[in-house]
Each structure stands twice: as structure tokens, then as C-alpha cells.
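Letter by letter, the chains look like this.
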Amino acid sequence: MKVGFIGLGNVGGKLAGSLLRNGIDLTVLDLDSDRVADFVSRGARAGQTPAQMMAECEAVITCLPSPAASAAVVEGPDGLLDAMGPGKIWMEMSTTDEAEVKRLGGRAIALGGAAVDCPVSGGCHRAATGNISIFAGCDRATFDRMLPLLTILGRRVLHTGALGSASILKVMTNYLATANLLTNCEALVTMKAAGIDLATTYEAIKISSGNSFVSETENQLILNGVRDVNFTMDLVQKDIGLFQAIADRNGVPLDISPMIIDIMTDGQRRYGVKAQSDRIIERLEEATGLSVLAPGFPAELVDDEPEARGYEVRPPQ
């Protein structure tokens, strides 16, 4: 199968790297020519336009920072839709708006092609090893057709239902991760104020009912002081905004989500729109005069799970 990949950023570059590492015939495109050149040096081909890539490939994957960026690639001049037709598939791996992916995917389907929203979850370090989790929203026939490719990109693959369902679940998981980040920040600062050793605090969280993916990963970067999880506050705001919009459309009166938006907005005002999301702990450090640091924690997350072919995760029946 010939595959195109558009968007070689923090996550996209690692996902595309998994395809290349596993022998997929790969064509890549990115606004950063240096990123494209790096892939070409490792055996990929450089794409010229999204339309050209769709014409030459069976599947084209997009992994882009916003719904607007995806729309430009899919339906803009020389976009994917210009070459869409039977046997072609658009795979949207961006974290995006459910309504927008359904709109663009509907256009692809109307032209005889197929579409799937297949965002990932688990962090850049797991994207790099092919061990990230993938949600896939599409009809079952399309899912079965693309499952062999998805199991190269990720370890655990969940068919979530119709097109758009994966995007809904993805922003939900990002909402939960951000809520976890903020509660962990409050916990760490409070323990520091109470005189509890922070390395001991980390272990207490890890072996307790308070544990979470965020506490095992981002807490290490916070305590090291590097505070760089490859996820910026503007992306947090995009994702929480998408989750809030889902709640609003469905008449769910949320309490915590608006508070998260306000906290992250204040963080952007203090540290910059694109500041790393982990820096949000610095609001509390500044308010208390405390430094939440501890020796022995890494400056970079590394996935120590051996790379292996992925598999489909099935919900309980």
C-alpha cells in the first residue's frame, strides 16, 4: 500500500516514522522543508501537493494542528478532494472537531472515496515507538480495510463507531488529561507546602488510587523542571474548547471545563500562548513562593514498552 502523510510535527513526525521504519511505501509533505528532507534521506518520497499525493497513494493521512489546517489540505486548491475517488481514503489523525471531520469526510465519501477519523492518545514518546493508542471512527468495512495499517501506527486500536465518533472521544480524553494535570499541580504544590518530600509524593501517587497516566508521565517532567511535554497551552485550549462545544450542543451544564479554560487562559497570559502546558504549575509556585522540583526525574519521557504489532481493542459485550 502506498501511503501519504501530511503534517510532520511533534506527533505526526513520529507516526510517519513508524510507517517508514516498518517498510511502508511513504510520501510526506509538511510546511517545514527540513522535516521533509529528513524523511527523504531515510527513504520516503517528497510530496508536491495534497492532490498529487492522493492521486498516487491509496491512503493519505493528515496530522495537523487545527480544523482549519485540515480543511485547507482537504478541500483547498490542489487539495485531497481534487483526486478523491473509488479506492482512495482520507485518514484524519488530527485532534479535530467532530462536525468538521464529518463534513469533510462526507465530501470524500460523496466522491466515491472513504474517510476515517483516527486520532491518537498516549503522548509523543509512545507515538515514537508505535505503541500509542488509536481511536477510529468509520464504517466497519473501512475499519477492517485499514486495520493492518493502524496496527503499525499504534498498539491498541479501538473502532469507536461512525465517522466523527473518534474525534468526540479524543477530545474527551484530552479534557480528562488536562483536568488530571491541574489536580496533580495542586497536589504537588500542597504537598511541598506541607513539608512532604516530592519524590515520596510521586511514589505515593503512583501506587495509589490517585494514580493516572498524567501523574506517571507529566509529573516527572514537572519535578525535573524541564516542563516540556511537547504539548502547548494553545493546543490545550483548542481541545478543551472542542469538548466544551460538545457539551453545549448536547445541553450538558459543565462546572469544571469552564474553570479549566479560565486557568489555561491565565497561564497563556503569564507564559505565552504557546507555552508548554506543564508550566501551568508555575502559577501556584508563584502564588506560594515554593519551588516544586526534585532530583532523580528525567528531562524526557521514554517509552520502555517494546515495539510490537498492534491489535484491535473490543468493548465488553
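Just above, that's the structure.
The rules behind the values
Residues numbered from 1 in each chain as written. Predicted model: local features only at pLDDT ≥ 70, side-chain atom pairs only at ≥ 80, totals over all residues. Heavy atoms only, no water. Helix = DSSP H or I, 4+ residues; strand = E, 2+ residues; numbered from the N terminus. Rg over C-alpha atoms; globule rule 2.2 N^0.38 Å. Buried < 20%, exposed > 50% of the residue type's maximum accessible area, 1.4 Å probe, protein only. Contact = heavy atoms within 4.5 Å. Areas by Shrake-Rupley, 256 points an atom, 1.4 Å probe, with all protein chains shown as cover. Lys, Arg positive; Asp, Glu negative; His and termini not counted. Charge placed at Lys NZ, Arg CZ, Asp CG, Glu CD. Axes fitted to C-alpha atoms, helices over the stretch in contact; angles between N-to-C directions. Parallel < 35°, antiparallel > 145°, perpendicular 65-115°, else oblique. Polar contact = N/O pair within 3.5 Å; in protein donor to acceptor, adjacent residues only side chain to side chain. Phe/Tyr/Trp six-rings, centres within 6.5 Å; stacked < 30°, edge-to-face > 60°. Left-handed = near helix turned anticlockwise from the far one by under 90°. Nonpolar A, V, L, I, M, F, W, Y, C, P; charged D, E, K, R; others polar. Salt bridge = Lys/Arg side-chain N within 4 Å of Asp/Glu carboxyl O.

Caption draft 1: The overall build of the protein, seen in detail. Broken down by element type, the protein carries 13 helices and ten strands. For 317 residues, the compact-globule estimate of 2.2 N^0.38 gives 20 Å, and the C-alpha radius of gyration of the protein, at 20 Å, lies within 12% of that figure. Evaluated residue by residue, the protein yields a buried proportion of 53% over its 317 residues. The long-range share in the protein, meaning contacts at least 24 apart out of those at least 6 apart in sequence, stands at 70%. Surface summary for the protein: the accessible area is close to 13800 Å², and the carbon and sulfur share equals 57%. Measuring between centres, the 28 positive side-chain charges of the protein sit 3 Å from its 39 negative side-chain charges.

Caption draft 2: Representation of the packing of helix 4 (residues 67-75) against helix 5 (residues 98-110) in the model. Following both chains from N to C, one finds helix 4 and helix 5 inclined at 5°, their axes separated by 11 Å at the closest point. The angle between helix 4 and helix 5 places the two elements in the roughly parallel class. On helix 5, the residues touching Pro67, Ser70, Ala71, Val74 and Glu75 of helix 4 are Glu100, Arg103, Leu104 and Arg107.

Caption draft 3: Examining the environment of Asp25 more closely. Note that Asp25 resides in strand 2 (residues 25-29). The sequence separation of Asp25 and Cys124 amounts to 99 residues, and the corresponding C-alpha distance is 23 Å. In contact with Asp25, other than residues within four places in its own chain, are Met1, Lys2, Val3 and Arg45. Within the structure, the side chain of Asp25 is placed 2.4 Å from the side chain of Arg45, a separation counted as a polar contact.

Caption draft 4: Geometry of the packing of aromatic side chains. Here the structure, examined in full by the defined rule, presents two aromatic pairs. Centroid distance Tyr202 to Phe297: 5.1 Å. Interplanar angle 75°. Geometry classified as edge-to-face. You can see Tyr202 sitting in helix 9 (residues 198-206) and its partner Phe297 sitting in the loop between helix 13 (281-288) and strand 10 (311-313), a full 95 residues away along the chain. On the basis of relative accessibility, which here comes to 13%, the residue Phe297 falls in the buried class.

Caption draft 5: Seen up close, the packing of helix 8 (residues 165-193) against helix 12 (residues 256-271). Where helix 8 meets helix 12, the axes come as close as 11 Å, and the angle between the chain directions of the two elements is 65°. As helix 8 packs across helix 12, the resulting crossing turns out to be left-handed. Side by side, helix 8 and helix 12 meet where Tyr175, Thr178, Ala179 and Leu182 of the first sit next to Ile256, Ser257, Ile260, Ile263 and Met264 of the second. For the contact of helix 8 with helix 12, the per-class residue count stands at seven nonpolar, two polar and no charged.

Caption draft 6: Seen up close, the side chain of Asp117. Tracing the backbone shows Asp117 in strand 6 (residues 114-117). The side chain of Asp117 is buried and forms no salt bridge, while Lys102, the nearest opposite charge, is found at 9.3 Å. Polar side-chain contacts of Asp117 include one of 3.0 Å to the backbone nitrogen of Gly164. Side-chain polar atoms of Asp117 contact the backbone nitrogen of Ala166, separated by 3.4 Å.

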